[in-house]
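# Overview (structure and organization)
Now for the letters of each chain:
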Amino acid sequence: MLAPDATRRRRAALAAAALAVALGASACSAGDEATPAPYAPPTAEASVPVLQPGLPGEPARTVAPEDAAPPTDGDRYAAADVEFVQGMVTHHRQAVEMSGLAPGRAGDPGVAALAERIRLGQAPEVDVMVAWLERRGADVPPERSWLSGRGEVTGGGEDASADHHGGGAGGGAGMASAAEVRALAAAEGDAFDALFVELMVRHHRGALAMVDEHAAGGVDLQVREMADEMTAVQTAEIAHLEGLRPA
């Protein structure tokens, strides 16, 4: 058995030897490894995929950096957006006026109820679209009525030629002529129901055509969301109107 002093000396020697081995191994390892390359930022030629968010209801997609669209900040819009909103203001106003003729004239309660739903749905949308135009300094279509209180036509004459979204004879975008609105105001019961369904189905289909036209050049996110909502609502209303069409 070793004396206490001898034991301590032996432990110290073993510790020193272990330290020497560890230092030697570390030095050898460091010499074998390559020196890390300094950080270099990505170059302009590097192609890093970008996740492009989709529109509401659409999935995101991966695109090349040069194909990524800038984010919509609420101020980015095109002439197609302005034209669509201006046209739809007039289009909605006619639908509101036509629907307002149903009380006291419609024979089918279902026609009366749907007309009221159309009126209550589209009137607030007119306010939203007018506000959108005003915020951008764009012209707001003047208010017009295809019928006055006594049935006279205002805003361009009895059968004034319509522009693309107008309301004269053969008006664009499915709109009724002044004469057709007068005929609707003069009808009652089944006659009113049949003419209202005919005119409103055509009117709604014209709105859907306007939405399709806008999709080719519109870029404003709010306008595209409004257009999508109009498509959903008016497509459903067309089906409802067809179900109310007299046999």
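Residues numbered from 1 in each chain as written. Predicted model: local features only at pLDDT ≥ 70, side-chain atom pairs only at ≥ 80, totals over all residues. Heavy atoms only, no water.

### Some points on helix H2 (residues 79–99)
Between its first and last C-alpha atoms H2 spans 30 Å; for 21 residues at 1.5 Å apiece the expected length is 30 Å, and the two agree. Here H2 lies mainly inside the structure; 16 of its 21 residues are buried. (Helix = DSSP H or I, 4+ residues; strand = E, 2+ residues; numbered from the N terminus. Expected span 1.5 Å × (residues − 1). Buried < 20%, exposed > 50% of the residue type's maximum accessible area, 1.4 Å probe, protein only.)

### Section: the pattern of salt bridges
Applying the stated criterion across every chain yields a total of 6 salt bridges. For Arg136, the salt bridge is made with Asp220, and the minimal N-O distance between the two is 3.7 Å. Taken as a pair, Arg136 in the loop between helix H3 (109–135) and helix H4 (178–186) and Asp220 in the loop between helix H5 (189–215) and helix H6 (221–244) lie far apart in primary sequence, 84 residues in all. Exposure remark for Arg136: the relative accessible area of 17% places this residue in the buried category. With a shortest N-O distance of 2.7 Å, Glu180 and Arg202 are connected by a salt bridge. Of the two residues, Glu180 sits in helix H4 while Arg202 sits in helix H5, which places them 22 residues apart along the sequence. (Salt bridge = Lys/Arg side-chain N within 4 Å of Asp/Glu carboxyl O.)

### Description of the packing of H3 against H5
Interaxial distance between H3 and H5 falls to 11 Å at its minimum, and their mutual angle equals 35°. Regarding H3 and H5, the two cross each other, and that crossing is left-handed. In this structure, H3 uses Val111, Ala115, Ile118 and Gln122 to contact H5, whose residues at the interface are Phe192, Asp193, Phe196, Met200 and His204. The class makeup of the residues in the contact of H3 with H5 is 6 nonpolar, 2 polar and 1 charged. (Axes fitted to C-alpha atoms, helices over the stretch in contact; angles between N-to-C directions. Left-handed = near helix turned anticlockwise from the far one by under 90°. Contact = heavy atoms within 4.5 Å. Nonpolar A, V, L, I, M, F, W, Y, C, P; charged D, E, K, R; others polar.)

### Quick notes on the nonpolar core
Counting residues in each nonpolar core, the largest one holds 26 residues, and the members touching the most others are Met98, Val181, Leu184, Phe192, Phe196, Met200 and Leu241. Of all elements in the fold, only H2, H3, H4, H5 and H6 reach the threshold of two or more residues within this core. The element best represented in this core is H5, accounting for 8 residues. Those residues in contact with Met98, other than ones at most four positions away along the chain, are Ala176, Val181, Leu184, Phe196, Leu199, Met200 and His203. Met129, Met226, Ala227 and Met230 belong to the second largest nonpolar core, which has 19 residues in total. (Core = buried A, V, L, I, M, F, W, Y, C linked by side-chain atoms within 4.5 Å.)

### Thoughts on the confidence of the model for the protein
Overall, the prediction assigns the protein a mean pLDDT of 76, with 60% of residues at 70 or greater. For the protein, per-element mean pLDDT is lowest for strand E1 (residues 50–52), which scores 48, and highest for H5, which scores 97. Contacts from residues 68–73, a stretch scored under 50 in pLDDT, to residues over four places away or in other chains number 7 contacts. Overall, residues 149–170 carries pLDDT values under 50, and its contacts beyond four positions in sequence, including any with other chains, amount to 48 contacts. (pLDDT = per-residue confidence, 0-100.)

### Digging into the side chain of Ser99
Mapping Ser99 onto the fold places it in helix H2. Overall, Ser99 belongs to the buried group, its relative accessible area being 1%. Within the structure, the side chain of Ser99 is placed 2.9 Å from the backbone oxygen of Ala95, a separation counted as a polar contact. With near-sequence residues (within four places) excluded, Ser99 lies in contact with Ala115, Ile118, Arg119, Phe196 and Met200. (Polar contact = N/O pair within 3.5 Å; in protein donor to acceptor, adjacent residues only side chain to side chain.)

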